[in-house]
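Fold and contact review
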Amino acid sequence: MDMFDSGTDIIDSGEKLSFVLQLMVGGGEKGDVIFLDRLCESPRFISQCIYDVQELKPIRLSIQNSTEKVTFTWNKVYEGKKGEKEWKYELGPEKATVLIYEHGKTDYLYPWRCGMYHFEVMVAEACYYGAFRITPKNFSNDGMQLIQEKVMSIVSSLIVDRGHYKKTFSSFAELEDHSYMQTIRWLSQHTVRVKQLCAQIEHEVQYGKGYRTEQRIRKQTKHTARKNALLAERGAMKSCNVRFFEDYNSASNRYMKRKLKEFEQLIYQLLRFLNDHLDKLERLEESSKREKQAIQTILQTIEKNGSVTDRDKQKYRNMNLLKDTDLRKALMKRQEYKVLHEIVRGMHRDLSAFLHSRFWGSISDEGNVRLPNTLTPPRRQLLKILETSYRKSSTHMNEPAFLFVHKPTFLIYEYYSYFAVISILEEIGFQPLAPVREQIQSYFYLDGLQDGTTVVLERGDAALHIVFNELIETHPIVALSKGSHFYNGEDTKKPDIRIDYYRTDHGIKRYQSSVIVEVKYSPMYNIFQPVGNTKATEQMYKYWSIKYVEEQNGKRIFQRRAIYEVVCVYPGSQVHAKKIEAGCGVFLQFYPHKTKQRGEFLVGKGECIRLFREWLQL
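About the criteria used
Residues numbered from 1 in each chain as written. Predicted model: local features only at pLDDT ≥ 70, side-chain atom pairs only at ≥ 80, totals over all residues. Heavy atoms only, no water. Salt bridge = Lys/Arg side-chain N within 4 Å of Asp/Glu carboxyl O. Buried < 20%, exposed > 50% of the residue type's maximum accessible area, 1.4 Å probe, protein only. Helix = DSSP H or I, 4+ residues; strand = E, 2+ residues; numbered from the N terminus. Phe/Tyr/Trp six-rings, centres within 6.5 Å; stacked < 30°, edge-to-face > 60°. Lys NZ or Arg CZ within 6 Å of the ring centre and 35° of its normal. Pairing = 2+ DSSP bridges. Polar contact = N/O pair within 3.5 Å; in protein donor to acceptor, adjacent residues only side chain to side chain. Contact = heavy atoms within 4.5 Å. Disulfide = S-S within 2.5 Å. Expected span 1.5 Å × (residues − 1). Core = buried A, V, L, I, M, F, W, Y, C linked by side-chain atoms within 4.5 Å. Axes fitted to C-alpha atoms, helices over the stretch in contact; angles between N-to-C directions. Left-handed = near helix turned anticlockwise from the far one by under 90°.

Moving on, we get to the pattern of salt bridges. According to the stated counting rule, one finds 21 salt bridges in the structure shown. A salt bridge links Lys105 to Glu102, with the nearest nitrogen and oxygen atoms 3.8 Å apart. Taking the relative accessible area as the measure of exposure, Lys105 reaches 58% and is therefore exposed. Put simply, Glu607 and Lys578 hold a salt bridge, and the shortest N to O gap is 3.8 Å. Of the two residues, Glu607 is situated in helix α15 (residues 605–616) and Lys578 in the loop between β28 (563–570) and β29 (579–582); the sequence distance between them amounts to 29 residues.

A separate point is the packing of aromatic side chains. Given two aromatic rings, their pairing is described by the distance between the two centres and the angle made by the two planes. Tallying each qualifying case throughout the model produces 24 aromatic pairs. Ring plane angle 50 degrees and centroid distance 6.4 Å describe the contact between Phe72 and Phe132, whose orientation is recorded as tilted. Taken together, the positions of Phe72 in strand β8 (residues 70–74) and Phe132 in strand β13 (residues 126–135) put the pair 60 residues apart, joining distant regions of the chain. On the basis of an interplanar angle of 50 degrees and a centroid distance of 6.5 Å, the ring pair of Phe612 and Trp615 is categorised as tilted. Of this pair, Phe612 and Trp615 both sit in helix α15, three residues apart, which is roughly one turn of that helix. Assessed through its relative accessible area of 4%, Trp615 is described here as buried. Lying across the ring of Tyr502, Lys509 places its NZ or CZ 5.0 Å from the centre.

The next thing to look at is the sheet that holds strand β26 (residues 547–552). Pairing is antiparallel in the open sheet, where three strands are placed in the order β23-β26-β27. In this open sheet, the two edge strands, each paired with only one partner strand, are β23 (486–487) and β27 (555–559). Two strands pair when backbone bridges link them, and β26 and β27 are joined in this way by five bridges, in the antiparallel orientation. Bridge assignment links Gln552 to a residue of β27, and that residue is Lys555.

What follows covers the side chain of Lys520. Within the secondary structure, Lys520 is located in the loop between β25 (508–519) and α13 (524–527). Side chain to side chain, Lys520 and Gln539 meet in a polar contact 3.0 Å long. In this structure Lys520 touches Tyr413, Ile527, Ala536, Gln539, Cys568, Val569, Tyr570 and Pro571, once residues within four positions along its chain are discounted.

Turning our attention to the side chain of Glu414. Looking at the secondary structure, you find Glu414 in helix α10 (residues 409–427). When residues no more than four places from it in sequence are discounted, the contact partners of Glu414 are Phe468, Asp496 and Val519.

Relative to the helices and strands, Asn488 resides in the loop between β23 and β24 (497–505). Distance from Asn488 to Glu473, taken between C-alpha atoms, is 6.6 Å for residues 15 residues apart in sequence. Asn488 has contacts with Ile472, Glu473, Thr474, Lys493, Ser545, Ile546 and Lys547, leaving out every residue within four places of it along the chain.

Residue position: Ile609 is located in helix α15. Taking relative accessible area as the criterion, Ile609 reaches 19% and is therefore assigned buried. The contact partners of Ile609, leaving out residues within four places of it in the chain, are Ile424 and Ile428.

One way to say it: the disulfide is the covalent bond shared by the sulfur atoms of two cysteines. This model, assessed by the stated rule, comprises zero disulfides. In this structure Cys584 is a free cysteine whose sulfur lies 7.9 Å from that of Cys568, the closest cysteine sulfur available. We classify Cys584 as buried; its relative accessible area is 2%.

Moving on, we get to α15. Here α15 is twelve residues long and its end C-alpha atoms lie 16 Å apart, about the 16 Å a rise of 1.5 Å per residue gives. Glu607, Cys608, Ile609, Leu611, Phe612, Trp615 and Leu616 are the residues of α15 that are buried. A positive backbone phi angle near 55 degrees is found at Gln617, which sits one or two residues after α15.

Of all hydrophobic cores here, the largest spans 54 residues; its most connected members are Tyr418, Phe419, Ile499 and Phe612. Ranked by residue count, the leading element in this core is α10, at twelve residues. Sequence-distant contacts of Phe612, defined by excluding residues within four places in its chain, comprise Val421, Ile424, Leu425, Ile428 and Ile499. Leu187, Phe263, Leu270 and Leu386 belong to the second largest nonpolar core, which has 34 residues in total.

Bringing the sheet that holds strand β12 (residues 115–123) into the picture now. Read across the sheet, five strands follow the order β6-β13-β12-β8-β10 without closing on themselves; strand pairing throughout is mixed. Every other strand in the sheet has two partners, leaving β6 (50–54) and β10 (87–91) as the edge strands with one partner each. When the angles between neighbouring strand axes are averaged without regard to direction, this sheet yields 25 degrees. Pairing of β12 with β13, which is carried by nine bridges, proceeds in the antiparallel orientation. Across the sheet, the residue bridging to His118 is Ala131, located in β13.

A few words on the packing of helix α2 (residues 141–154) against α10. Helix packing geometry: the angle between the two helix axes and the distance between the axes. The contact between α2 and α10 brings their axes to 9 Å, and the two run at 65 degrees. The handedness of the crossing between α2 and α10 comes out as left-handed. The segment α2 lies against α10, with Met144, Ile147, Lys150, Val151 and Ile154 engaging Thr409, Ile412, Tyr413, Tyr415, Tyr416, Phe419, Ala420 and Ser423.

As structure tokens, this is what we get:
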């Protein structure tokens, strides 16, 4: 009761509220109670009112010692559109507890990602602020940071989810994504203004001052008076006069030209970025069309065949519908990119024309020009737009902004495991033909890594293809049309990581076998039980049915026992062995850890190295 009697401190005003809000995280007796007993009036102090909440656990909010109605607002993650309303809960003497989230009891998935979210507490007309830090359930905070750093070292923006937003203060701007796409969308709104300002600068006349010797004397300055005195002593019949002239090559114009040329380089980079992604989307669209055609061919063949089961026919009909959806998504995405590409290309064309015009062409390209003390309004406005294109202005602290959130923890863990497996294979002597980062970038687009992302490593006559989340086809014909070669004859699956082993013999590359690595962001008791199957073990059993097909000289060659091992990696357990052998495959603890004695190391790395060496006979 002491906590309830103490009330809630408002840290910036010194005020004390009579009530206390408390968050109950978890279920039953094992749940944690978090007292929200520190709030602030100004968001500038919100960093002193942060509370840690572990993800994916049930959450209830209650109030103690309340004599009036209190409204609690906690913003969720918004998908796509930003017009959704915030979540508001009203508490008071008549309703002291509300359920915010519990699996099976609320009709929505867990509504937050790891990261910061602010909340608001309204009492009458007063508003107070605090913040929650959603922390990972199956990792320590240090472990999660190591995982994010590993993923960001390959592709810095890979952990950011551009399709989902949160509404919070810019003091949490570490989660904001400053990607090329954000810059492109911002610039698309300022293209006309940039052209107008460049035209205004061209029509502004700036004068320079010089001196000329002439027959008659004009209004004198101190400088011309001294010069004319010297000329008179020499008996010269001419005078030195001040003359003003239009100066295109002024210091301010030289400075603006340098800034515009830097801006032109940025626009060129944005254009290349869009070109690359348009090429990727075009390849994705063509691939989807080929896959759809292959499925339709099979459908036409089996539709009137009484020997083929109705279940198998329905399976291909469903696959055909899925391919239609994939194709529509690819078309919509490519259309959006084409519109943005036209805008950026037009800006680059106009900017290049400006810089090669008579006005800008007459200005020297002197590189080392300082910012002049005075600039005319058009120059100041243009400079502000150019600078903002590199460094977006911060949103005012007192106004919540929509910021991108991180991808779900399970997906970041999948990315981490993929990159960690590649690093382990590099450690045992396999080298990439092109840098791993370049290979990854070729598959990366706004939504993250494409299904089928592949990194190739080689060692002597051996080659490994490390494939991320590629669909295993149901039929060898579809697999061949797609160029993936893998099928299973039943329902389609996407192993998180598939490592394919090839060996070159007499100049011919021959497939040998594969290892499947399934990534589960779950505790061990959810993915493995000594008696009976979990969803994870059922999935692992099905991976053993994956087969390989290729064509050689017009003949199909099958390898019906393609899988060497199935490994399930997970974040770790205090009560289980690091490695567990089971009928469906191997369960392996796999996560980064840091101690004072050993520093940073990867749990499960030694077991992976032994498995790979045995498989590849190193």
